[in-house]
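This is what each chain is made of:
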Amino acid sequence: MVYIGIDVGGTGIQVGIVDQNGVILQKGGIVTRTDVPFATQVKAMADCALDTLAKSGYTLDDVASVGAGIPGVVDPRTGRIAFCPNLGWKDVPFAQEMRRHIDKPVYMDNDATVAGLAESVAGVSAGTHSSVFLTLGTGVGGGIVLGGKVWSGFHGVGSEIGHMIIEMDGEHCNCGNNGCLERYCSATAIILAARKAVAENPDTLIMTKAEGDPMKINAKVVFDAAKEGDALAVKLFGDYVKALSTTIVNIIHFLDPEVIALGGGVSKAGDFLLDAVRAEVARLVMYKTLPFARIEIARLGPDAGIIGAAMLGL
Ligand SMILES: [Zn+2]
């Protein structure tokens, strides 16, 4: 059997035909259109999936299920999407609409959750007892896999780790609260902190690497300057490592997973980030003589969305 995986993104929708080991057999994709009705959007996804299936050489008889990773709040039990701002969806019957075009079981979950599932099937946490995936990008998403199954909570919103409050009365977050870890651990947080810092102290390698334009600062610019020992960049990197390590230690103390995998744009820093975070986590964990979660960089990159969505049907 094969599994259809759909990675629904704000700019593009990626579709894959995936085998039971999480290997993508055929890929396709369309541009996300937000100017058409919901039913038209779903039909375009289904058409793309069927087209990709035909190219793979398999037929609908070979398909076990359709899975979708959604950048929003979903209720996997009812098949409805409560909220998906990037596509302009609010309380839409996604599974029901998809089944009108592809009459197979339809599964869905949050995009970070499915990426975590992908890593646990075919990536860095494959074969583990339990894992937590953190996507460090524009925001921060979380995916929890326990005993091979995703844990999204009873109401479907259980792994919203980006909005765990790590500083009471801290930085204001888009969600309406203050002090959410997303405001300290995302790529956006690094950029905002760096822009603020260079306004007060423009004599830094960060500005050289950003060609003198604060709007060109990104996480890579800051981390690269830190690698070269620029004092301001080292300070910003240190603050970031502290926030991320605090988050990871909270996860370890609360859930004690076997692996914590770091994905998203910031994780491209690789060992430079990993070495610093591992050292800080070791310093902060409570039970210093006991083993604790392995911290790793996620392996599947952008394909994780397709693979994980498909693997919801396993
Ligand atoms: Zn928040």
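It should be noted that the structure appears before, not after, this text.
Residues numbered from 1 in each chain as written. Predicted model: local features only at pLDDT ≥ 70, side-chain atom pairs only at ≥ 80, totals over all residues. Heavy atoms only, no water.

S.K.: What is the right way to look at the sheet that holds strand E11 (residues 149–150) in this model?
M.R.: Paired through their backbone hydrogen bonds, the strands of a sheet run either parallel or antiparallel. The five strands are arranged E11-E10-E9-E12-E13 in an open sheet whose pairing can be described as mixed. Both outer strands of the open sheet, E11 and strand E13 (294–297), are each paired with one neighbouring strand and no more. In this structure, strand E9 (residues 130–136) lies alongside strand E12 (residues 259–263), joined through five bridges in parallel fashion. Opposite threonine 135, over in E12, you have glycine 263 as the bridge partner. With respect to the sheet, helix H3 (residues 111–122) is in contact with E9, strand E10 (140–146) and E11, its orientation differing from that of E10 by roughly 45°. Running over the sheet, helix H9 (residues 271–284) touches E12 and E13 and is turned about 165° from E13. (Pairing = 2+ DSSP bridges. Helix = DSSP H or I, 4+ residues; strand = E, 2+ residues; numbered from the N terminus. Contact = heavy atoms within 4.5 Å. Axes fitted to C-alpha atoms, helices over the stretch in contact; angles between N-to-C directions.)

S.K.: Got a minute to help me understand the nonpolar core in this structure?
M.R.: Side chains of a nonpolar character, in soluble globular proteins, are inclined to be buried together. Ranked by internal contacts, the top residues of the largest apolar core, which has 48 residues, are Leu134, Ile206, Leu244, Ile248, Leu262 and Leu273. A total of twelve residues in this core trace back to one element, the largest contributor, which is helix H8 (residues 231–255). Setting aside chain neighbours within four positions, we find leucine 273 in contact with Phe223, Phe237, Tyr240, Val241, Leu244, Val266 and Ser267. The next biggest cluster of nonpolar side chains, apart from the first, holds 30 residues, and it includes Val2, Ala46, Ala49 and Val63. (Core = buried A, V, L, I, M, F, W, Y, C linked by side-chain atoms within 4.5 Å. Buried < 20%, exposed > 50% of the residue type's maximum accessible area, 1.4 Å probe, protein only.)

S.K.: Explain the packing of aromatic side chains here, please?
M.R.: A ring pair, where both rings are aromatic, is described by two values, the distance of the centres and the angle of the planes. Here the structure, examined in full by the defined rule, presents five aromatic pairs. Here the aromatic residues Phe223, Phe237, Tyr240 and Phe272 are joined through ring pairs into a cluster of three or more. When the ring centre of phenylalanine 154 is taken as reference, the NZ or CZ atom of arginine 77 above it lies at 4.7 Å. (Phe/Tyr/Trp six-rings, centres within 6.5 Å; stacked < 30°, edge-to-face > 60°. Lys NZ or Arg CZ within 6 Å of the ring centre and 35° of its normal.)

S.K.: What should I look at first to understand the pairing of strand E6 (residues 80–84) in this one?
M.R.: On a regular strand, one side chain projects to one face of the sheet and the next to the other, so that they alternate. As paired strands, strand E5 (residues 73–75) and E6 are joined by three bridges and run antiparallel to one another. When the bridges of E6 are listed, valine 73 appears paired with phenylalanine 83. Across three bridges, the pairing between E6 and strand E7 (residues 89–92) is antiparallel. By the bridge assignment, phenylalanine 83 is partnered in E7 with lysine 90.

S.K.: Where do I start with the packing of helix H5 (residues 187–200) against helix H7 (residues 219–227) in this structure?
M.R.: Working note: a packed helix pair is described by the angle between its axes plus the distance between those axes. It is at 8 Å that the axes of H5 and H7 come closest, and there the two elements cross at 65°. On the basis of their axis angle, the class for H5 and H7 is roughly perpendicular. Where H5 crosses over H7, the two elements pack in a sense that is left-handed. From H5, Ile190, Ile191 and Ala194 reach across to H7, where they touch Ala219, Val222 and Phe223. For the contact of H5 with H7, the class distribution of residues is six nonpolar, no polar and no charged. (Parallel < 35°, antiparallel > 145°, perpendicular 65-115°, else oblique. Left-handed = near helix turned anticlockwise from the far one by under 90°. Nonpolar A, V, L, I, M, F, W, Y, C, P; charged D, E, K, R; others polar.)

Note that all results are geometric; they support no functional claim without further evidence.
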